[in-house]
Amino acid sequence: MKKYLISSKRVLLDVFHITPASTILVVLYMLFVAMIPATLTILYEKLFSSISNINNNYLNTTILIGLLICLVYFIRYIFQSAYAVAMNARIYEKVSFSSKVTISEKASDLNLIDYENPSRMNLKGIATDCVNQSKISQFFMNIVGISTGLIGLISTTIVLSRYSIYFLPIVIISVLPYLISRIIRGKAFYCIREAQIPKLRMQNYIWSLLLDKQSVKEIKVMCSHKYIGDMWANTRNEINDEIWRHRKKDSLVLLLCDLFRIFSYALSIFFALILLKKSVIGIGVFGACISAFLSMQQQFKDLLVGIGEATEQIQFINKYYEFLDLQVLPDGNVDKSDINHGINVSNVSFAYPNTGDVLKNISISIEKGEKIAIVGENGSGKTTLAKIILGLYQPKDGSVLYDDIDINKLSKDSKYNLLCSVSQDFVKYCLTYRENIAISDTASMDNTEKILNTIAAVGNKGVLEKINIDDLLGTEFGGMDLSGGEWQKTAIGRAVFKESQLIVFDEPTSALDPIVESDILTLLLNVMSNVTSILISHRTGVCRFVDKIAVLSKGELVEYGSHQELLHLEGYYYKLFTEQQQWYK
């Protein structure tokens, strides 16, 4: 219960912070609406009483009361327009937008290892579902509606109890099933949605396969579109069938609740007729009772349904805040703009969630300006080690020091200004050529001279013979697509443009043909000659041109030294090198 109250408070504060004026307007409007039933009940009582005495010079009073009733409805209609704008255009839209921004910022702040954790990704899925379904805005409106509705209900109850206290239990019992059904069905719906998150993630993944340009090529060649399409349709149908079965039960329960409410309304009128016949109440009170019965039933229904829906919504909202409250590494407080001596990896071990150690007690030293290659068989831990050196993964044991400063003590800004990487699955931004280069240093986005020099430095001037620097790349929005080598040079250009102190190249030529690969490797060696750099490669031939080689096998550092030193050992590196060498004899 405590966490529900905390989440409720956070929702109210967040919505007010996002759109304070609209929040106040909505609350005032709903307070006004909440007081209308009690006001109308009193006015109807006066109206019917004056009509029954119209021959006794009550005509002017009747007209005046009638005009007051019309005025109440008119004011409500006027304010309803402003309320609709405040609710839809301000609260729903602004809160939804703000929540999506918050989700995206949190996702970018997550530890990279969290993306390897299914439970964390399921939590992220529920939080995203909460935002996409506007649960926060709905819960806020429900809380305001419940609070103001309770005020209105109390006022109507006071008015109705003046006529007969026995009306109250009839009205309450008539709408109590709504509360019970909403709580039970709301909890059931949340359980369904929570259980469906893995399926929803799978559905979105399969859908992305059907739309992504790279996967579409393979699907087309493999003639697997129907299989993938059927897989998506079956997953969607499973999800929709579960929701449909829930909605059908919901509809049946609500129908039974409505029938019970109508029966109770008829019973209330019958009870009022008995009181009228016994002269306990007059004709004016009888007319007011008919209006009050409907008002109270509707108020009770809205109140109880709101409570029931809020119990469903708060389940999603708790997960939303649970996701936002996930611990991330605290930002360091040390600013550093240069690597003066080098990088020291000391006794580093690492394990992914639910796995054993994939790195075991790794220790290497990288001097400033050195070119290091990391080689080994697939699954030996090469990329994982690079991510630890970059500070993207946190080691289970050991440390990574930059000039004797633990990388975790560096501020994020200074850390990521020092570092840069080019991965084998680099991003091909469907943006302008300028943005594709300068996105690594957005402060220099308008420095055309620097961008052109970078393009020339990575040997990509040929692209500018076909397009302008401000033309779009990629076919997604009508731009020009580049060849594999041109895209690779563009990715390397981003790293060069950033002017980092350390660049990590992770299998940058794995998808290129031999001629282009040779061109790219030559470019990489030229880039690496000017900066501290790490090259992860399956090509041992390029290791002849680096300063040191770290050889990994099954997560362990089995050899470390220069090309010639490792060949003389005739160990694991010697075996890798000679096995590849025989293909080129």
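It should be noted that the structure appears before, not after, this text.
Reading the values: rules and limits
Residues numbered from 1 in each chain as written. Predicted model: local features only at pLDDT ≥ 70, side-chain atom pairs only at ≥ 80, totals over all residues. Heavy atoms only, no water. Core = buried A, V, L, I, M, F, W, Y, C linked by side-chain atoms within 4.5 Å. Buried < 20%, exposed > 50% of the residue type's maximum accessible area, 1.4 Å probe, protein only. Helix = DSSP H or I, 4+ residues; strand = E, 2+ residues; numbered from the N terminus. Contact = heavy atoms within 4.5 Å. Salt bridge = Lys/Arg side-chain N within 4 Å of Asp/Glu carboxyl O. Pairing = 2+ DSSP bridges. Axes fitted to C-alpha atoms, helices over the stretch in contact; angles between N-to-C directions. Parallel < 35°, antiparallel > 145°, perpendicular 65-115°, else oblique. Polar contact = N/O pair within 3.5 Å; in protein donor to acceptor, adjacent residues only side chain to side chain. 1 Å grid on protein atoms, 1.4 Å probe; cavity = no way out; pocket = protein on both sides within 12 Å on 5 of 7 lines; lining within 4 Å. Points joined across faces, edges and corners; volume = space filled by probe spheres on them. Nonpolar A, V, L, I, M, F, W, Y, C, P; charged D, E, K, R; others polar.

(A) Representation of the nonpolar core within the structure. Among the nonpolar cores identified, the biggest contains 56 residues, and Val11, Ile136, Met141, Ile317, Tyr320 and Phe323 are the most heavily contacted of them. When contributions to this core are tallied by element, the ones reaching two or more residues are helix 1 (2–18), helix 2 (20–52), helix 3 (59–109), helix 4 (118–132), helix 5 (135–161), helix 6 (167–211), helix 8 (225–277) and helix 9 (283–324). Among the elements that take part in this core, helix 9 stands out by supplying 16 residues, more than any other. The residues contacting Phe323, other than those within four sequence positions of it, are Ile103, Lys106, Ala107, Leu110, Leu123, Lys124 and Ala127. Core analysis: the second largest hydrophobic core is formed by 43 residues, Val463, Ile469, Ile492 and Leu523 among them.

(B) Focus on the side chain of Ser8. Topologically, Ser8 is positioned in helix 1. The buried category is assigned to Ser8, whose relative accessible area is 16%. If we skip the residues at most four places from it in the chain, Ser8 touches Phe139 and Ile314.

(C) Representation of the pattern of salt bridges in the model. One pass over the full model with this rule turns up 14 salt bridges. Ionic pairing is found between Glu238 and Lys199, a salt bridge with its closest N-O pair at 3.5 Å. With Glu238 in helix 8 and Lys199 in helix 6, this residue pair connects regions lying 39 residues apart in the sequence. Owing to a relative accessible area of 41%, Glu238 belongs among the partly exposed residues under this scheme. Between Glu242 and Lys199 there is a salt bridge, with its nearest N and O atoms 3.2 Å apart.

(D) Up close: the sheet that holds strand 6 (residues 419–422). On the basis of which strands lie adjacent, the open sheet formed by 6 strands has the order 6-7-8-3-9-10 and mixed pairing. Every interior strand has two partners, whereas the edge strands, strand 6 and strand 10 (556–561), have only one. Strand-to-strand twist of the sheet, defined as the mean angle between neighbouring strand axes without regard to direction, takes the value 15°. Where strand 3 (residues 371–376) lies against strand 9 (residues 548–553), 5 bridges are found, and the strand directions are parallel. Paired with Ala373 across the bridge in strand 9 is Ile549. Packing against the sheet, helix 14 (residues 484–498) makes contact with strand 6 and strand 7 (502–506), and its axis sits at approximately 175° to strand 6.

(E) The arrangement of the packing of helix 1 against helix 9 in detail. At a minimum axis separation of 10 Å, helix 1 and helix 9 run at an interaxial angle of 80°. Here helix 9 runs roughly perpendicular to helix 1, going by the angle between their axes. Facing helix 1, whose interface residues are Lys3, Tyr4, Ser7, Ser8, Arg10, Val11 and Asp14, helix 9 presents Ile314, Gln315, Ile317, Asn318 and Tyr321.

(F) View of the sheet that holds strand 4 (residues 397–402). If you walk across this open sheet you meet the 4 strands as 2-1-4-5, and the pairing is antiparallel. Looking along the sheet, the strands with just one partner apiece sit at the ends: strand 2 (357–367) and strand 5 (405–406). Where strand 1 (residues 342–351) meets strand 4, 5 bridges bridge the pair, whose relative direction is antiparallel. Across the sheet, residue Ser349 finds its bridge partner in strand 4, namely Asp397. Sitting on the sheet, helix 10 (residues 382–389) is in contact with strand 1, strand 2 and strand 4, with an inclination near 55° to strand 2.

(G) Spotlight on the side chain of Glu370. For Glu370, the location among the structural elements is in the loop between strand 2 and strand 3. One polar contact links the side chain of Glu370 to the main-chain amide nitrogen of Glu367, over a distance of 2.8 Å.

(H) How the structure looks around the environment of Asn354. Looking at the secondary structure, you find Asn354 in the loop between strand 1 and strand 2. On a C-alpha basis, the gap between Asn354 and Asn117 in space is 8.7 Å, while along the polypeptide they are 237 residues apart.

(I) Expanded view of the layout of surface pockets. By volume, the largest pocket amounts to about 1300 Å³. In this structure, the largest pocket is lined by 45 residues; those nearest its centre are Leu112, Leu390, Leu392, Tyr416 and Ser421. Elements with a contribution of two residues or more to the lining of the largest pocket: helix 3, helix 10, helix 11 (412–418), strand 6, helix 14 and strand 7. Broken down by element, the lining of the largest pocket gets its largest block of residues, 5 residues, from helix 11. Tallied by class, the residues present in the lining of the largest pocket amount to 23 nonpolar, 12 polar and 10 charged. Counted as a void, the second largest pocket has a volume near 680 Å³. Every residue lining the second largest pocket is counted, 28 residues in all, and those nearest its centre are Met30, Val33, Gln298, Gln299 and Asp302. Where the lining of the second largest pocket is concerned, the elements lending two or more residues are helix 2, helix 3, helix 5 and helix 9. Broken down by element, the lining of the second largest pocket gets its largest block of residues, 11 residues, from helix 9.

(J) Molecular detail of the environment of Leu329. One can find Leu329 in the loop between helix 9 and strand 1. For the pair Leu329 and Asn111, spaced 218 residues apart in sequence, the C-alpha to C-alpha distance is 7.1 Å. Once residues lying within four places of it in the same chain are set aside, the contact partners of Leu329 are Asn111, Gln394, Asn408 and Lys412.

(K) Inspection of the pairing of strand 3 at higher detail. Burial within strand 3 is extensive, with 6 of its 6 residues counted as buried. Here strand 3 shows two buried faces, one formed by Lys371, Ala373 and Val375 and the other by Ile372, Ile374 and Gly376. In this structure, strand 3 lies alongside strand 8 (residues 532–536), joined through 4 bridges in parallel fashion. By the bridge assignment, Lys371 is partnered in strand 8 with Ser533.

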